[in-house]
Amino acid sequence: MEIKLEIGTRGTREEFEDTYTEDFLKDKGLKVLPSGRLDLFLKPWAVHTKVGWMCSFSKYDVLTYMGKGIWDLRVYKPSEEEKELLEDIDGMEF
């Protein structure tokens, strides 16, 4: 059975990672980048877009398959409530 990735397929990076194998996605223009010791916390991906290669750092980034190994990448932006929660937990500022 052949696995197909239709043009216009959209989802979070996490959804693509859970649905397809890493090798299949690599053939379609998504590559998991090595992050060394940070693999448990940070799993960056290289995304082939119409303007070149871009990096996705969040599993919540939205990807849309445009065909021929090209993707549209929409970077995840936390809501104000999420920002406040993260600041309380981590002491991080946005």
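In this text, all values refer to a predicted model and were calculated from it rather than measured experimentally.

Some remarks on the pattern of salt bridges
Tallied over the entire structure, the rule returns three salt bridges. A salt bridge links Asp 72 to Arg 74, with the shortest nitrogen-to-oxygen separation between them at 3.0 Å. On the accessibility criterion, Arg 74 (53% relative accessible area) is exposed.

Let's talk about the pairing of strand E6 (residues 70-74)
Of the two faces of E6, the one lined by Trp 71 and Leu 73 is fully buried and the one lined by Ile 70, Asp 72 and Arg 74 carries no buried residue. Counted along the chain from strand E5 (residues 62-67) to the antiparallel partner E6, the turn is two residues long, and its residue Lys 68 has a positive phi close to 50°.

Considerations on the pairing of strand E3 (residues 45-49)
Of all five residues in E3, four are buried, a share of seventy percent or more. Of the strand pairs in this sheet, strand E2 (residues 30-32) and E3 are connected by three bridges, and their pairing is antiparallel. Within E3, the position partnered with Leu 30 by the bridge is Val 47. The pairing of E3 with strand E4 (residues 52-56) spans five bridges and is antiparallel. Considered in E4, the bridge of Ala 46 is made with Cys 55. Once E3 ends, the chain turns through two residues before running back antiparallel as E4.

Remarks on unusual backbone geometry
Despite not being glycine, Lys 68 has its phi angle at roughly 50°, a positive value. Relative to the elements of secondary structure, Lys 68 occurs in the loop between E5 and E6.

What about the environment of Gly 8?
Its place among the elements puts Gly 8 in the segment before strand E1 (10-12). Its relative accessible area of 45% is what places Gly 8 among the partly exposed residues. Separated by 56 residues in sequence, Gly 8 and Thr 64 have C-alpha atoms that sit 5.8 Å apart. Look past the residues within four positions of Gly 8 in its chain and what remains in contact with it is Thr 64 and Tyr 65.

Here is what the cut-offs are and how they apply
- Throughout this document, residue positions are counted from 1 along each chain, in the order its sequence is written.
- Only residues with pLDDT of at least 70 are given local features in this predicted model, and only at 80 or more are side-chain atom pairs given and counted; all residues enter the totals for whole chains, interfaces and linings.
- No hydrogens and no water enter the side-chain calculation; it runs on all heavy atoms of the structure.
- For salt bridges, the criterion is a side-chain nitrogen of Lys or Arg within 4 Å of an Asp or Glu carboxyl oxygen.
- Relative accessibility under 20% of the residue-type maximum defines a buried residue, over 50% an exposed one, and the middle range a partly exposed one, all with a 1.4 Å probe and only protein chains included.
- Labels follow the DSSP assignment, with helices taken as runs of H or I lasting at least four residues and strands as runs of E lasting at least two, numbered in each case from the N terminus.
- Pairing between strands is defined by DSSP: at least two bridges between the two strands are required.
- In what follows, a contact means two residues having at least one pair of non-hydrogen atoms within 4.5 Å.

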